[in-house]
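Analysis of the macromolecular model
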Amino acid sequence: MTVPILKQGGYLIASIQSALSDSEVLALRDELLQRAGSMRSRGIIVDVTALDVMDSFAARSLRGIAHMANLRGAQTVMVGIQPEVAFAMVQLGLNLEGVHTALDLEEGLAFLDRITMERGSGSG
C-alpha cells in the first residue's frame, strides 16, 4: 500500500490509511524526506487517524521521520492518534518524544502555521 502525499501550500500531508509493513514505513520515510527537500516544504503532517494500532517499529520510524525532517528544516506534526492507540502506546512504553502532535488535521495545519510564522519572524 502506498501512502498518498499531498502538497498544501508549503506543507506535505501524508495520510496513512491502514497499518503499514516495515518496508512500507521505510518507503514512506524516504519519500517524505525526498519530497520535503525537492519541494522545499516547511512542514509535514502525518495523519494517522485511520490507524487502530501502532507497533514499536512504526512509532520509532515516525519519530525518526520527524527528527530527520527537522534537520532538513521542516517541522513535523502527527495528527489523529486515536484514544485506543494512545492508550496502547503508553501501556507498551512507546513514545513520540520530540514529535509534535495535534488532535486533527485542522489543528495540525494551525500549529504549522504558528511555528513557521515564528521561525520567519526570527523568534524561533
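How each quantity is defined
Residues take numbers from 1 onward in each chain, read along the sequence in its written order. Since the coordinates come from a predicted model, pLDDT governs what is reported: local features require at least 70, and pairs of side-chain atoms require 80 or more to be given and counted, while whole-chain, interface and lining totals use all residues. To obtain the side-chain values, all non-hydrogen atoms of the structure were included, while hydrogens and water were left out. Each nonpolar core is a collection of buried residues, namely Ala, Val, Leu, Ile, Met, Phe, Trp, Tyr and Cys, held together in the definition by side-chain atoms within 4.5 Å. For every residue, the accessible area (1.4 Å probe, protein chains only) is compared with the maximum for its type, and the residue is labelled buried under 20%, exposed over 50%, or partly exposed between those bounds. Segments assigned H or I by DSSP are reported as helices when at least four residues long, segments assigned E as strands when at least two residues long, and all are numbered from the N terminus. What makes two residues a contact is simply this: any of their non-hydrogen atoms within 4.5 Å. The pairing criterion for strands is at least two bridges between them, as found by DSSP. An axis is simply a line fitted to the C-alpha atoms; with a helix, the fit covers only the stretch in contact. Between two such axes, the angle follows the N-to-C directions and lies from 0 to 180 degrees. What counts as a salt bridge is simple: a side-chain nitrogen of Lys or Arg found within 4 Å of a carboxyl oxygen of Asp or Glu.

Ranked by internal contacts, the top residues of the largest apolar core, which has 29 residues, are I16, L28, L32, V48, M54 and L62. Those elements giving two or more residues to this core turn out to be β2 (11-15), α1 (22-38), β3 (43-47), α2 (56-71) and α3 (83-92). The leading source of residues in this core is α2, at six residues. Those residues in contact with M54, other than ones at most four positions away along the chain, are V48, A59, L62, M78, V85, M89 and L94. In this structure, Y11, V77, F111 and I115 belong to the second largest nonpolar core, which totals nine residues.

Across the sheet, five strands lie side by side as β1-β2-β3-β4-β5; this open sheet has mixed pairing. In the strand order of this sheet, the two ends are held by β1 (5-8) and β5 (100-102), each with one partner. Neighbour-to-neighbour, the strand axes of this sheet turn through a mean angle of 25°, independent of strand direction. In terms of strand pairing, strand β4 (residues 75-79) meets β5 through three bridges, oriented parallel. Considered in β5, the bridge of V79 is made with A102.

Before going further, it helps to spend a moment on the environment of V99. Considering the arrangement of structural elements, one finds V99 in the loop between α3 and β5. For the pair V99 and G64, spaced 35 residues apart in sequence, the C-alpha to C-alpha distance is 9.1 Å. Residue contacts for V99: discarding those within four places in its chain leaves R63, A66 and M78.

Here we come to the pattern of salt bridges. Inspection of every chain in the model, using the stated rule, returns two salt bridges. As a salt-bridge pair, D30 and R29 come within 3.0 Å of each other at their nearest N and O atoms. The class for D30 is partly exposed, based on a relative accessible area of 42%. Its relative accessible area of 25% is what places R29 among the partly exposed residues. The shortest N-O distance in the salt bridge between E31 and R35 comes to 2.6 Å. With a gap of four residues between them, E31 and R35 both fall in helix α1, about one helical turn apart. Given a relative accessible area of 31%, E31 falls into the partly exposed group.

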